[in-house]
Every structure is written in C-alpha cells, then in structure tokens.
Amino acid sequence: MASLVATEEPSMDLPIIDLDIYRNNPPTSPAVKEECAKAARALITYGALVLHDSRVSEADNEAFLDLLEDYFAQPASTLQRDERPELGYQVGVTLENTEKPKCAVDEPCLRVIERLAPAERPLDIGGHEPDPKCRFFWRMGEAAPYATQFPGLNAENVIPEAPEIRGRWTPVMETWGKSMKSAVSGLAEMAAVGMGLPAETFTDAGRYGPHLLAPTASDLQKYGTKDTILAGFHTDLNFLTIHGRSRYPGLHVWARNTGRRIAVSIPRPSSSTPGSYLLVQAGKQLEHLTGGLVKAGYHEVVVNDATLRTIAARKDTHPERPLVRISSTFFWHLSSDYDLAPIPTLAEQARAVRAANFDLGRDEGEEVEYEPMKVGQQVQNELKHIALLA
C-alpha cells in the first residue's frame with residue numbers, strides 16, 4: 001500500500017509509460033510487472049500520464065488535424081446540418097457556446113478550487129458562460145450483441161455533407177481513431193494489472209462502450225486573446241481520455257497530490273523512440289469503478305503566453321491554414337449497460353490511500369459515495385450537468 005502513496009511532493013512532470021514494454025514481453029516478466037505498477041501509481045498520484053506507443057503514427061495525427069481544421073473553417077450554417085441535439089450531441093457536431101463547464105455550478109468541484117492555493121487555481125469560471133469551443137463526436141464502438149437500454153448513447157455516426165470534406169472524412173477519422181483506441185485499451189490493461197486485477201478487467205467492461213473520437217475546435221481568430229477560457233475547469237465523464245499532440249498549447253492539468261497547475265507538454269518522438277507520445281487522463285467512470293482509488297483528473301484549456309507565441313509562428317509558417325486549435329481527443333467508455341459499482345478490493349485500497357494522504361496533510365475534501373448504477377445512467381446524469389441533455 002505504501003507504494004501507492006507518494007510521501008514526497010510528486011514531480012511536476014507527468015510519468016511516461018511505455019506500452020511497448022507491455023506488448024513485447026511476457027506478462028509475467030519483471031519489466032511488464034514494474035511498468036504496469038508504474039502506470040497504476042501514475043493514475044493514482046496524478047490522474048494523468050504520458051503514454052508511448054511505437055505503433056501510433058504522428059503523420060496520422062497531422063492528417064487528422066488538417067481535416068478537422070478544414071471542417072471547422074466551414075460556415076456555421078454548414079456545420080449546423082451535422083448537429084444532433086435530440087441525441088444529447090453524442091454524435092455529430094456541437095457548436096460553440098453550447099457545452100457548459102460543470103464546475104461553474106457544481107459544489108464539490110467549487111470546493112476543489114477553493115482548496116487550491118490562489119496562484120494555482122484555474123481561470124475564473126464563476127461567471128463563465130458556455131465554452132466557446134466546438135466539438136465533433138465520431139463513434140468508435142463495437143456494436144453490442146444485445147439490445148442496449150441506452151440507444152441514444154449508441155447512435156449511428158454523422159458524416160459531414162460538404163463534398164470536399166466527406167470524401168476524406170471516414171478514412172482519416174477511422175485510421176486515427178483506431179490508433180488511439182488501441183493505445184488506450186492497452187493502457188487500460190496495464191492499469192488493471194498494476195492494480196492487482198486480471199488484465200482484461202477494464203477492457204471487458206468497456207468492450208461495447210460508446211467510445212468516441214472527440215476533437216474540439218477553438219477559433220483563435222475570435223477567441224485568441226490571452227486568458228480566454230476555451231474549455232473551463234472540469235473532469236471527463238468517461239473512463240479514460242487519450243490525446244494526441246495539439247498544434248497549440250494551452251492545456252493545464254491538476255495532479256491529485258500536488259495541488260499545482262501543470263502545463264502539459266508532450267514529448268516528441270525521436271529516432272530512438274519512434275511512434276507517438278500521447279496524454280492519458282482518468283475520467284469519472286474509472287474513479288467510480290475504483291471507489292476513488294483513482295480520481296478523475298481536472299483540467300482546463302486556455303489561451304496563455306505559449307498559445308500566443310504559437311499563433312504568431314503559425315501565421316508566419318502556414319498563413320494559408322485556418323487558425324483553429326484542434327484537440328486530438330478520444331474518449332474511452334465502459335459499456336452503457338455495464339453495472340457501475342466500486343470493485344471491493346480497490347475501494348478498500350482507496351480508503352487506505354485517502355487515510356495516508358490525510359496523515360500527510362493532504363485534504364481531499366469530503367468522502368464520496370459511489371452509488372451503484374448503469375454506466376448509461378451515469379453518462380446521462382453528467383450530460384445534464386453540462387447542458388448537453390435536457
């Protein structure tokens with residue numbers, strides 16, 4: 001248990017986990033066991049980590065970013081044809097100023113902010129209106145062999161109508177989405193092993209999940225001034241979120257045990273480490289299933305000094321390209337009909353970790369009760385909080 005709690009102040013650099021070690025060695029090898037334990041510790045300590053996967057192509061991410069920049073450069077009237085509000089925006093496009101940051105009105109979240117030192121708090125979201133970002137949801141799930149209780153969360157994909165986008169859309173989305181899904185599924189197996197569970201524990205629970213390739217888009221011509229909040233302080237409702245590299249910085253995360261804001265910087269691959277580095281964050285479903293052993297990671301996206309420098313450089317080097325910040329994001333979900341309840345062995349560890357953190361002077365606020373429910377119900381509850389479902 002002691003190994004799950006960092007007694008010293010954790011580093012401000014997110015741990016790097018190598019999926020290749022897990023994939024290329026026997027499951028019982030010391031190297032695999034240690035890397036899996038490292039992954040579990042990273043999620044427990046930080047709620048986030050950097051994942052290296054040599055199979056993931058940076059070129060595929062670049063093609064994806066190009067496509068989404070072109071898509072979101074279209075007029076709003078064209079984009080609106082791809083909206084599906086009657087499905088809680090769970091497929092197709094969500095236009096700017098629709099999605100609200102839950103923390104603006106959520107008391108537990110506001111208390112998290114209050115416990116942070118003033119210099120480490122997110123930009124003020126108290127009076128923050130809906131986020132100025134757009135989003136597109138492209139479903140990457142496997143069809144369940146049973147009738148789901150939550151068909152609205154498992155709807156058919158929307159393919160954009162514009163001819164110049166439509167022909168490129170499905171191949172690019174599927175190629176990049178499959179790479180992200182494979183990488184995060186591997187990390188889910190590693191995390192399970194590191195927590196003392198069978199490798200397939202989490203992936204079996206998410207086999208028929210409504211996984212989503214979920215890029216966001218922020219128009220930096222309109223919203224490119226310093227301290228603009230592009231995505232207000234929040235956690236993700238799903239199990240694990242994985243990000244490829246964005247062309248514009250501005251993502252901040254808060255590690256569970258530091259209380260400090262971390263500006264995310266993803267390493268670039270090199271000749272000795274081909275493939276890609278990807279950011280992985282814990283979501284609410286992982287927190288619920290582990291009984292709070294892992295906490296969903298808080299984060300925000302803002303325009304900061306690094307964003308402004310990148311905007312200026314991008315104008316010089318790519319003056320013909322749309323000035324749109326795309327997040328290369330994938331949401332990995334548990335299956336909608338899965339019974340979501342804390343795994344007893346993990347809930348017991350969670351209580352011990354909480355007690356150990358308390359003894360170290362780390363205030364984690366009031367203890368959370370994780371009520372049993374279907375995953376689909378948990379998702380619908382969260383969607384209502386962020387104004388995507390009536």
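Everything that follows concerns the structure shown earlier in this document.
Residues numbered from 1 in each chain as written. Predicted model: local features only at pLDDT ≥ 70, side-chain atom pairs only at ≥ 80, totals over all residues. Heavy atoms only, no water.

Caption draft 1: Representation of the packing of helix H2 (residues 30-46) against helix H6 (residues 163-194) within the structure. Close contact between H2 and H6 brings their axes to 7 Å; oriented N to C, the two are set at 95 degrees. Between H2 and H6, the crossing angle belongs to the class labelled roughly perpendicular. The segment H2 lies against H6, with Glu35, Cys36, Ala37, Ala39, Ala40 and Leu43 engaging Leu187, Met190, Ala191, Val193 and Gly194. (Axes fitted to C-alpha atoms, helices over the stretch in contact; angles between N-to-C directions. Helix = DSSP H or I, 4+ residues; strand = E, 2+ residues; numbered from the N terminus. Parallel < 35°, antiparallel > 145°, perpendicular 65-115°, else oblique. Contact = heavy atoms within 4.5 Å.)

Caption draft 2: Structural detail: the side chain of Glu120. Note on placement: Glu120 falls in the loop between helix H5 (107-115) and strand E4 (134-139). We note that Glu120 is buried and unpaired, the nearest opposite charge coming from Arg261 at a distance of 5.0 Å. A distance of 2.9 Å separates a polar atom in the side chain of Glu120 from the backbone nitrogen of Arg261. Excluding residues that lie within four positions of it along the chain, Glu120 makes contacts with Trp254, Gly259, Arg260 and Arg261. (Buried < 20%, exposed > 50% of the residue type's maximum accessible area, 1.4 Å probe, protein only. Lys, Arg positive; Asp, Glu negative; His and termini not counted. Salt bridge = Lys/Arg side-chain N within 4 Å of Asp/Glu carboxyl O. Polar contact = N/O pair within 3.5 Å; in protein donor to acceptor, adjacent residues only side chain to side chain.)

Caption draft 3: Representation of unusual backbone geometry. Phi angles above zero are rare outside glycine, and Tyr89 is one such case at about 55 degrees. Topologically, Tyr89 is positioned in the loop between helix H4 (76-79) and strand E3 (92-94). Positive phi, close to 60 degrees, is recorded for Asn97, a residue that is not glycine. Note on Asn97: relative accessible area 41%, which makes it partly exposed.

Caption draft 4: Quick look at the pairing of strand E6 (residues 216-219). Strand direction decides the pairing type here: E4 and E6, joined by two bridges, are antiparallel. In the sheet register, Cys134 faces E6, and the bridge partner there is Ala217. The pairing of E6 with strand E13 (residues 324-332) spans four bridges and is classified as antiparallel. Note on E13: the bridge partner recorded for Thr216 is Ser327. (Pairing = 2+ DSSP bridges.)

Caption draft 5: Layout of H6. The end-to-end C-alpha separation of H6 is 47 Å, in line with the 46 Å expected for 32 residues at 1.5 Å each. In the segment just after H6, Gly196 is the residue with positive phi, at about 85 degrees. (Expected span 1.5 Å × (residues − 1).)

Caption draft 6: Representation of the sheet that holds strand E10 (residues 261-263) within the structure. The four strands are arranged E7-E12-E9-E10 in an open sheet whose pairing can be described as antiparallel. In this open sheet, the two edge strands, each paired with only one partner strand, are strand E7 (229-234) and E10. Adjacent strand axes in the sheet meet at a mean angle of 20 degrees, parallel and antiparallel pairs treated alike. Of the strand pairs in this sheet, E7 and strand E12 (residues 298-302) are connected by three bridges, and their pairing is antiparallel. Bridge pairing in E12 places Ile229 opposite Val302.

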